[in-house]
Amino acid sequence: MMRMNNIWTIVPGVPKAQIRHRHTRSGHTYDPSAKDKKDFINKLKAYTNENVYPLDKPLTGHISLMITFKFPWPKKWYRTGKYAGLLKDNNPIVHTKKPDIDNLVKFVMDVGNGELWKDDCQIYRVQAKKIYSLSPETLIIMEATNE
């Protein structure tokens, strides 16, 4: 019998997208997202160890991901004057600007290798959305089966 585990974590900060690898003139390849990935892992470990289900080792088995990328509202959606700091009434909820959602998902899946799951080939389903929020963060919900 397969047992499903729901595990979730939040990584505070503005979500980052995977940037394509670059090549130098001498032929070397490097990952321009390496620093962002390291920062993301540090935030992930700090928050997971303090507040959420502790992951002592990467997950095995089949994994379904639900990721919510929460971005801060741009300055133009805030009121001014007496009501400065409050959002306007017609502010959007859905984030339809760059970065692209596929690059955001790729970043999370790459960072999760060896940290959250053994390899991203274990992931069989991904649901993702981009929204505006007062607290920018990445919410990751993993539904894993025990093998």
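Residues numbered from 1 in each chain as written. Predicted model: local features only at pLDDT ≥ 70, side-chain atom pairs only at ≥ 80, totals over all residues. Heavy atoms only, no water.

Across all of its chains, the model carries eight salt bridges by this definition. K37 is the salt-bridge partner of D110, the closest N and O atoms lying 3.8 Å from each other. Note that D110 is positioned in helix α2 (residues 101-112) and K37 in helix α1 (residues 34-51), a separation of 73 residues in sequence. Note that K98 and D100 form a salt bridge whose closest N and O atoms lie 3.9 Å from each other. Salt bridges sharing common partners tie together D31, K37, K106 and D110. (Salt bridge = Lys/Arg side-chain N within 4 Å of Asp/Glu carboxyl O. Helix = DSSP H or I, 4+ residues; strand = E, 2+ residues; numbered from the N terminus.)

So, about α2. Taking 1.5 Å of rise per residue, the twelve residues of α2 would be expected to cover 16 Å, and the 17 Å separating its terminal C-alpha atoms lies within 8% of that figure. Among all positions of α2, only L104, V105, F107, V108, M109, V111 and G112 are buried. Backbone geometry just after α2 places G114 at a positive phi near 80 degrees. (Expected span 1.5 Å × (residues − 1). Buried < 20%, exposed > 50% of the residue type's maximum accessible area, 1.4 Å probe, protein only.)

Nothing here speaks to function; it is geometry throughout.
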